[in-house]
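Structure assessment
What follows is the residue order along each chain.
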Amino acid sequence: MSNPHQPNVLLEVASLSMRLSTKFVQPYSHPKSPQKFTQSQLLTILILKAYLKTTYRGIIDILGASDQLRERMELTRLPHYSTLKYFADRSHVLEITDAMLAEIIKEFAADADEASMDSTGLETSSASAHFRVRSGKTRKKYVKLSVCVVAGSMLPAGLVVGWGPGNDKCEAPELLEKVRHVTQPKRLFADAGYDAEWIHMYCREGWGVQSWIPPAVHRADGSVGGEYRQQMTKQRLKKNGYGRRWLVESFMSGLKRTMGSALAARSESSLIIEAGLKVLAYALRR
């Protein structure tokens, strides 16, 4: 039996989305627009759609059955599902997502000392990885999420969405730049996929953050080049808390368990947007 005094997660996600989004979007896209729904309302519906892992039609049906959700979002009528699709396609949803993630960090996790970054893949098909292996099909392309998570709150401070497979270092410059403008941790952890001298230089010399990344050894004699890469010994990594890198893996695991690891969209642009909204919805839930 549910606790009547326990906050409803859906209502809390909707309320927080409405409150934060009003800081980054105008009420209406154009002064001469029909002005039936605010951009905050439409964006919040998209976030709820991602959270509930449903379709455009599905989220409209859910809103139609929930007086509380409509009241929380101040919806006096329901948009047609095509209105949501049009809004998602034409608006700068990913830019708004970045701004809202930054606001969440500033409000709830501004003083984090540690951060950890990693990437994961989201499937563009409902077929499971086990089915593809049994059928002999290979995973040729998937949506790749690169995320940097701050310690303590386990909230994402930065997000980059692209296509995989690919080297993690390709997304690192954009991801680091986003995080740098949001928070100032003392230490940043990453796995060997981010091993590069330039990443250490960016963090330590340009950002003032201690980067701790195990080196990938490519030389036959086992030696490692680079001033900072040479310092990444097992002993120093352990001493400086490298075990805390698990927090980003925990975030990724929770994201997939809660939000699902498959995307429902079909077009490439819609897949990218849906992936970003999944991360935002999960952050709002936390």
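For the chain, the name recorded in an unreviewed UniProt entry is Transposase IS4-like domain-containing protein, with Symmachiella dynata as its organism.

1. Comments concerning the domain arrangement of the chain
Entries for the chain in the domain assignment read domain 1 (9–89) and domain 2 (109–267). On a C-alpha basis, the centres of domain 1 and domain 2 stand 32 Å from each other.

2. Details of the packing of aromatic side chains
A full pass over the atoms with the stated rule returns 3 aromatic pairs. Look at F189 and Y242: their rings are 6.2 Å apart centre to centre, the planes differ by 90 degrees, and that puts the pair in the edge-to-face class. Of this pair, F189 sits in strand β4 (residues 187–190) while Y242 sits in the loop between α10 (234–239) and α11 (246–259), and the two are 53 residues apart along the sequence. An identical accessibility class is assigned to F189 and Y242; each is buried. Geometrically, the ring pair formed by Y202 and W207 is edge-to-face, given 6.5 Å between the ring centres and 65 degrees between the ring planes. For K141, the ring lying beneath its charged end belongs to W163, and the centroid distance is 4.4 Å. Across from the ring centre of Y202, 5.5 Å away, lies the NZ or CZ of R180, which sits over that ring.

3. Some points on the side chain of T54
Secondary-structure assignment places T54 in the loop between α2 (39–52) and α3 (56–64). Apart from the residues lying within four places of it in its own chain, the contact partners of T54 are K49, I59 and I62.

4. Let's talk about the sheet that holds strand β2 (residues 142–150)
Taken together, the 5 strands give an open sheet; going across it, the order is β3-β2-β1-β4-β5, and neighbouring strands pair in mixed fashion. Every interior strand has two partners, whereas the edge strands, β3 (155–164) and β5 (210–212), have only one. Neighbour-to-neighbour, the strand axes of this sheet turn through a mean angle of 20 degrees, independent of strand direction. Strand contacts of helix α6 (residues 93–108): β2 and β3, with the helix running at about 155 degrees to β3, the strand carrying the most contacts. Packed on one face of the sheet, helix α8 (residues 172–180) meets β1 (114–122), β2, β3 and β4 and runs near 160 degrees to β3.

5. Observations concerning the environment of A281
Tracing the backbone shows A281 in helix α12 (residues 268–285). When the C-alpha positions of A281 and Q235 are compared, they lie 38 Å apart, and in sequence the two are 46 residues distant.

6. A look at the pattern of salt bridges
Opposite charge on two side chains makes pairing possible when the charged atoms of those side chains draw close. Inspection of every chain in the model, using the stated rule, returns 15 salt bridges. Here E268 ties to K141 by a salt bridge, and the two come within 2.9 Å at their closest N and O atoms. You can see E268 sitting in helix α12 and its partner K141 sitting in the loop between α7 (129–135) and β2, a full 127 residues away along the chain. Connected through shared salt-bridge partners, D118, D191, R245 and E249 make up one network.

7. Structural notes on the state of the cysteines
Under the definition given, this model contains 0 disulfides. No disulfide involves C203; its nearest neighbouring cysteine sulfur is the one of C148, lying 8.9 Å away. With a relative accessible area of 0%, C203 lands in the buried category.

Quick notes on the rules
- Residues numbered from 1 in each chain as written.
- Predicted model: local features only at pLDDT ≥ 70, side-chain atom pairs only at ≥ 80, totals over all residues.
- Heavy atoms only, no water.
- Domains from an automatic or database assignment.
- Phe/Tyr/Trp six-rings, centres within 6.5 Å; stacked < 30°, edge-to-face > 60°.
- Helix = DSSP H or I, 4+ residues; strand = E, 2+ residues; numbered from the N terminus.
- Buried < 20%, exposed > 50% of the residue type's maximum accessible area, 1.4 Å probe, protein only.
- Lys NZ or Arg CZ within 6 Å of the ring centre and 35° of its normal.
- Contact = heavy atoms within 4.5 Å.
- Pairing = 2+ DSSP bridges.
- Axes fitted to C-alpha atoms, helices over the stretch in contact; angles between N-to-C directions.
- Salt bridge = Lys/Arg side-chain N within 4 Å of Asp/Glu carboxyl O.
- Disulfide = S-S within 2.5 Å.

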